[in-house]
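Each chain, letter by letter, is given below.
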Amino acid sequence: MRRIVVIGAGPAGMRCAERLAGRGLAVTLIGAEAELPYNRVALSKFLAGEIAEADLVTHDDPKLADSGITYLPGTRVIGIDREACRVLTDLHGPIGYGHLVLALGSQPVCLPFPGADLPGVVMYRTLEDVNAMLAAADAGGDAIVIGGGLLGLEAAYGLARRGMKVSVLHAVDRLMERQLDHAAASLLMRRMAEYRIDTYLTAKTEVIEGPDRVQGVRLADGTVIPASLVVMAVGIRPESGLAREAGLAVNRGIVVDDCMRTSDTSIYAIGECAEHQGACCGLVAPAFAQAETCARVISGATIAYVAQADATALKVAGAGVWSAGRIDAAGAEEIILSDTDAGEYRKLLLQEDRLVGAMLYGETADAPWYQALITSGAPINGLRPVLAFGPAFAPESTGVHP
Ligand SMILES: Cc1cc2nc3c(=O)[nH]c(=O)nc-3n(C[C@H](O)[C@H](O)[C@H](O)COP(=O)(O)OP(=O)(O)OC[C@H]3O[C@@H](n4cnc5c(N)ncnc54)[C@H](O)[C@@H]3O)c2cc1C
């Protein structure tokens, strides 16, 4: 088999390359980032000072050498010549492929506020971004995070731990609205305040004030919040430009079938850049699962990727937040367990005797059990009276021990 080229050394690309090389296939892995492959998910822990930069590295030089992968870091693919079956790179010239895997990830969205291009405005995606935030924290001053979703809150927490006074500006009326309802979001906001993080809800950013570098943010209601650092964490966009220019089918992401094949049968797409059955993933677990599927398909197996229920956990110490499946209650029955003084809240959504969504605030140890119930789609049978209390209270006789 001719050389397999994988573009993107994030979790999806790295996993796929490892699996292919492990089967004795010749693999070249091309990554735009200059660093050794690292754990993007753990960036928040590094920002918060809970781990060192060296702890982020997933593949050091000896491990890469052992893997048999030819790794080209700091190299950007600038074009795909499908007719000649080769990719064009900015550093190593053209590289031929038999199979090509696109694992290009996403780009952070930069909202075009006046001042968004000022020095002191940082996205939250890469190790380079985190190092820029750490330099700003070392220089002192206040920080503003635009976006009160998972990434924005993790950035805010990390910067607060680094000694900055942080304000979170969120355009919606509750934090993490894609994962939490109002009750859970209020508990989370209370916890953020304990970390000296101010939250502005329904906050409409109008201008990032300069003139030469960030001085603060002015909101539409006239409020001005001073800051020397603005972190924008308002969402991601699948990296699909390369595929579009190469003439592959692209919607929001690069369209793939159940085998992770694009509209060109020798080119695959996995991870956040891929769109499978109309959805792009934004989490690492599906990116890994797609990488495994792709590696097996290229190795000759007949296998299909099956999407699982997404589960999200916030990595902020002292604020256990986990949610999976649906959070909107339309057409579903709700079971709620709430002790807000103790900071405990659970909401479960049932439809046709099945668990379709779960939200845990506070104690989250039962999360894997709820996730397995959602994923299996098994009827909960007689479990309903104890469902909110977790697996310890589920009698074996109900048959819903996943
Ligand atoms: C701070 C942070 C915290 C997160 N926390 C969690 C979490 O707790 N749980 C969770 O499930 N997910 C989390 N995520 C999301 C998770 O990191 C992503 O889902 C995962 O990294 C996606 O993997 P990927 O390989 O598809 O893309 P990426 O990790 O983005 O990797 C893509 C790589 O491709 C490279 N690339 C792109 N274009 C080119 C090109 N033309 N040439 C060469 N290389 C190219 C990029 O530079 C990048 O290195 C977090 C993300 C961030 C930023």
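Residues numbered from 1 in each chain as written. Predicted model: local features only at pLDDT ≥ 70, side-chain atom pairs only at ≥ 80, totals over all residues. Heavy atoms only, no water.

Student: Can you break down the overall build of the protein chain residue by residue, with the values?
Tutor: Across its full length, the protein chain holds nine helices and 26 strands. Oriented by its inertia axes, the alpha-carbon framework of the protein chain measures out at about 65 × 65 × 40 Å. Across the 402 residues that make up the protein chain, the buried fraction comes to 49%. Counting only contacts in the protein chain whose residues sit at least 6 apart along the sequence, the fraction spanning at least 24 positions is 58%. (Helix = DSSP H or I, 4+ residues; strand = E, 2+ residues; numbered from the N terminus. Buried < 20%, exposed > 50% of the residue type's maximum accessible area, 1.4 Å probe, protein only. Contact = heavy atoms within 4.5 Å.)

Student: Please provide a residue-by-residue account of the site of the ligand, values included.
Tutor: Taken together, 30 residues are adjacent to the ligand, and Glu33, Arg40, Arg125, Glu272 and Lys315 come closest. Note that a nitrogen atom of the ligand is positioned 3.0 Å from one of the backbone N or O atoms of Ala32. Taken by itself the ligand offers 990 Å² of open surface, and the protein chains cover 92% of this. Of all elements in the fold, only helix H1 (11-22) and helix H5 (150-161) reach the threshold of two or more residues within the shell around the ligand. Considering only residue class, the shell around the ligand consists of 14 nonpolar, nine polar and seven charged. There are two domains that each give the shell around the ligand at least three residues, and those are domain 1 (4-107 + 236-298) and domain 2 (121-232). (Near = heavy atom within 4 Å. Polar contact = N/O pair within 3.5 Å; in protein donor to acceptor, adjacent residues only side chain to side chain. Areas by Shrake-Rupley, 256 points an atom, 1.4 Å probe, with all protein chains shown as cover. Nonpolar A, V, L, I, M, F, W, Y, C, P; charged D, E, K, R; others polar. Domains from an automatic or database assignment.)

Student: Could you give an account of helix H6 (residues 182-194), naming the residues involved and the relevant values?
Tutor: For H6, spanning 13 residues, the distance from its first C-alpha to its last is 19 Å, which sits close to the expected 18 Å at 1.5 Å a residue. Residues of H6 that are buried: Ala184, Ala185, Leu187, Leu188 and Met192. Down the axis, H6 shows its buried residues gathered within 155° of arc, on one side only. The exposed set on the far side of H6, more than 90 degrees from its buried face, consists of Ala193 and Glu194. On the buried face of H6, the contacting elements are H5, strand E12 (197-200), strand E23 (321-325), strand E25 (344-351) and strand E26 (354-361). Note on H6: the residue one or two positions beyond its end, Arg196, has a positive phi of about 65°. (Expected span 1.5 Å × (residues − 1). Arc of directions from axis to C-beta.)

Student: Which residues make up the domain arrangement of the protein chain, and what values do they have?
Tutor: The domains assigned to the protein chain are domain 1 (4-107 + 236-298), domain 2 (121-232) and domain 3 (320-398). Distance from the C-alpha centre of domain 1 to the C-alpha centre of domain 2: 30 Å. With 16 residues of domain 1 at the contact, the number on the domain 2 side is 15 residues. For the pairing of domain 1 and domain 2, the buried interface totals around 1,400 Å² over both sides, and the portion due to carbon and sulfur atoms is 57%. Together, Leu43, Ser44 and Leu47 form the three largest contributors to the area buried by domain 1 at its contact with domain 2, with a combined 40%. Taken together, the links from domain 1 to domain 2 amount to two salt bridges. Here Glu50 and Arg161 are joined by a salt bridge, their closest N and O atoms 3.6 Å apart. Our enumeration of links across domain 1 and domain 2 arrives at eight residue pairs in polar contact (both at pLDDT 80 or more). With four residues, the top contributor of residues to the side of domain 1 that touches domain 2 is helix H2 (residues 43-47). Class assignment of the residues belonging to the side of domain 1 that touches domain 2 gives a composition of seven nonpolar, three polar and six charged. (Buried area = accessible area lost by both parts, 1.4 Å probe. Salt bridge = Lys/Arg side-chain N within 4 Å of Asp/Glu carboxyl O.)

Student: Let's hear about the packing of H1 against helix H8 (residues 284-298): which residues, and what values?
Tutor: Running from amino to carboxyl end, H1 crosses H8 at an angle of 30°, the nearest separation of the two axes being 8 Å. One element, H1, and the other, H8, form an angle in the roughly parallel class. Both H1 and H8 take part in a crossing whose hand is right-handed. Contact residues: H1 offers Pro11, Ala12, Arg15, Cys16, Arg19 and Leu20, while H8 offers Val284, Ala287, Phe288, Ala291, Glu292, Cys294, Ala295 and Ile298. Residue composition of the contact of H1 with H8, grouped by class: 11 nonpolar, no polar and three charged. (Axes fitted to C-alpha atoms, helices over the stretch in contact; angles between N-to-C directions. Parallel < 35°, antiparallel > 145°, perpendicular 65-115°, else oblique. Left-handed = near helix turned anticlockwise from the far one by under 90°.)

Student: Could you give me a rundown of the packing of aromatic side chains, with the residues and numbers involved?
Tutor: Going through the model one piece at a time under the given rule, you end up with three aromatic pairs. With centroids separated by 5.1 Å and ring planes inclined at 65°, the aromatic side chains of Trp369 and Tyr370 adopt a geometry described as edge-to-face. The exposure class of Trp369 is buried, given its relative accessible area of 9%. Sitting over the face of the ring of Phe288, Arg15 holds its NZ or CZ atom 3.9 Å from the ring centroid. (Phe/Tyr/Trp six-rings, centres within 6.5 Å; stacked < 30°, edge-to-face > 60°. Lys NZ or Arg CZ within 6 Å of the ring centre and 35° of its normal.)

Student: Tell me about a nonpolar patch on the surface, residues and numbers included.
Tutor: A cluster of nonpolar side chains, namely Leu337, Phe389 and Phe393, defines an oily patch on the protein surface of about 280 Å² accessible area. For Phe389, a relative accessible area of 40% translates into the label partly exposed. (Patch = residues over 30% accessible without salt bridge, like charges linked within 9 Å, V, L, I, M, F, W, Y side chains within 5 Å.)

Student: So what's going on with the environment of Glu333? Residues and values would help.
Tutor: Tracing the backbone through its elements, the reader meets Glu333 in strand E24 (residues 333-339). Judged by relative accessible area, Glu333 falls into the partly exposed class, the value being 37%. For the pair formed by Glu333 and Leu248, sequence separation is 85 residues and the distance between their alpha carbons is 42 Å. Contacts of Glu333, omitting those with residues within four sequence positions, involve Leu348, Leu349, Leu350 and Arg384. Within the structure, the side chain of Glu333 is placed 2.7 Å from the side chain of Arg384, a separation counted as a polar contact.

Student: I'd like to hear about the environment of Leu188, residue by residue, with values.
Tutor: Relative to the helices and strands, Leu188 is located in helix H6. Taking the relative accessible area as the measure of exposure, Leu188 reaches 0% and is therefore buried. Separated by 130 residues in the primary sequence, Leu188 and Gly318 place their C-alpha atoms 10.0 Å from one another. When sequence neighbours within four positions are dropped, the list of residues in contact with Leu188 reads Leu153, Leu175, Met176, Leu180, Leu314, Ala319, Val321 and Tyr361.

Student: Describe the sheet that holds strand E5 (residues 86-89), and please don't skip the residues or the numbers.
Tutor: With antiparallel pairing, three strands are arranged side by side in an open sheet as E4-E5-E6. Because the sheet does not close on itself, it has two edges, and the strands there are strand E4 (77-81) and strand E6 (94-96). Each strand axis lies, on average, 25° off the axis of its neighbour in the sheet, ignoring direction. One ladder, built from four bridges, connects E4 with E5; its direction is antiparallel. Across the sheet, the residue bridging to Asp81 is Arg86, located in E5. (Pairing = 2+ DSSP bridges.)

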